[in-house]
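Notes for the structure review
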Amino acid sequence: MNSFRHRHAVLPALAVLITVAGCSSADDDASAAVPSPDAKVTELCQNLDKALPAKVDGESRDDPEPASPLTAGWGGEAIILRCGVERPPKMVDPKVADGHDPDAMPGGVNGVDWLMERQGDDTYRFTTANREAYVEVSVTDGRDSTGVLIDLAPGIKKAIPKGIAS
C-alpha cells in the first residue's frame, strides 16, 4: 500500500520534469536575423550554404531560426554565419586601417580577408572583405576564432568570388 501512494507522488513530479525538460531545449535554439540582399548576392549566399562544412571548430552544424540559406550555425549560438549583410561601417574607417582602433582590425586567414570587431567580452564579429558578398561570422564563448575562420575559408573561397560587394 505504501508503494501505491509513493507511485502517485512520483507521477506528477515526473510529468513536471518532462515538461520542464521539453521547454528548456527550445530555449537553447539560436536565432539570427536573416539578411535581405539583392538577387545576385542571394544566389552567392545560396551557393555558400551548399559549400559550408558540417563541422566548424569541432561543433556540428545547428542552423539558427528562422531557417534560411542565408544563415548557418554551429554549436547553437557559439558560431553564427549570416551571408549578404551590409558592409560594416568600420570597414571603411581609416582608424581601423591604420591600426588605431582597439576594437577592430583587418586580417586574413587562408586566403580570406576579414574585419574583426570585438562585440563584447567574449564575442567577436568577423566580416569578409574583398569578396562580392559580405559574410558575417559571430563567435561567442571566448572561443579561439582561428579554427572557425580556417574551417570556413574553403567554402567562402569556393562560393563567394573575390571582388567588391555592392
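What follows covers the layout of surface pockets. What the largest pocket holds in volume is close to 160 Å³. Lining the largest pocket are 13 residues; nearest its centre among them are V41, G84, V85, E86 and S166. A breakdown of the residues in the lining of the largest pocket according to their chemical character gives six nonpolar, three polar and four charged.

Across the sheet, which stays open at both edges, the six strands sit in the order β3-β4-β8-β7-β6-β5 with antiparallel pairing between neighbours. The open sheet has two edge strands with one neighbour each: β3 (71-74) and β5 (104-109). Going across the sheet, the axis of each strand differs from the next one's by a mean of 20 degrees, ignoring polarity. In this sheet, strand β7 (residues 124-129) lies alongside strand β6 (residues 112-118) in antiparallel orientation, the contact comprising six bridges.

Under the definition given, this model contains one disulfide. Note that C45 is cross-linked by a disulfide to C83, the S-S spacing being 2.1 Å. Since a negative S-S torsion denotes a left-handed disulfide, the C45-C83 link at about -75 degrees is left-handed. Placement of the pair is C45 in helix α2 (residues 39-51) and C83 in strand β4 (residues 79-83), with a sequence separation of 38 residues. Note on C83: relative accessible area 1%, which makes it buried.

A word on the packing of α2 against helix α4 (residues 145-159). Packed helices, taken two at a time, are described by the angle their axes make and the gap between the axes. Taken N-terminus to C-terminus, the directions of α2 and α4 make an angle of 145 degrees; their axes are 9 Å apart at the nearest point. The hand of the α2/α4 crossing is right-handed. Residues L44, N47, L48 and A51 of α2 form the contact with α4, whose own contacting residues are G155, I156, K158 and A159. Taken together, the residues that form the contact of α2 with α4 break down as five nonpolar, two polar and one charged.

What follows deals with the pairing of β7. Taken residue by residue, a regular strand's side chains alternate between the two faces of the sheet. Two successive antiparallel strands, β6 and β7, enclose a turn made up of five residues. Taken together, the four bridges between β7 and strand β8 (residues 135-139) define a ladder with antiparallel strand orientation. Considered in β8, the bridge of T127 is made with E136. With antiparallel pairing between neighbouring strands as the criterion, β7 and β8 make up a hairpin whose turn holds five residues, including N130 at a positive phi of roughly 60 degrees.

The rules behind the values
Residues numbered from 1 in each chain as written. Predicted model: local features only at pLDDT ≥ 70, side-chain atom pairs only at ≥ 80, totals over all residues. Heavy atoms only, no water. 1 Å grid on protein atoms, 1.4 Å probe; cavity = no way out; pocket = protein on both sides within 12 Å on 5 of 7 lines; lining within 4 Å. Points joined across faces, edges and corners; volume = space filled by probe spheres on them. Nonpolar A, V, L, I, M, F, W, Y, C, P; charged D, E, K, R; others polar. Pairing = 2+ DSSP bridges. Helix = DSSP H or I, 4+ residues; strand = E, 2+ residues; numbered from the N terminus. Axes fitted to C-alpha atoms, helices over the stretch in contact; angles between N-to-C directions. Disulfide = S-S within 2.5 Å. Buried < 20%, exposed > 50% of the residue type's maximum accessible area, 1.4 Å probe, protein only. Left-handed = near helix turned anticlockwise from the far one by under 90°. Contact = heavy atoms within 4.5 Å.

Purely spatial values, then, with no claim about function.
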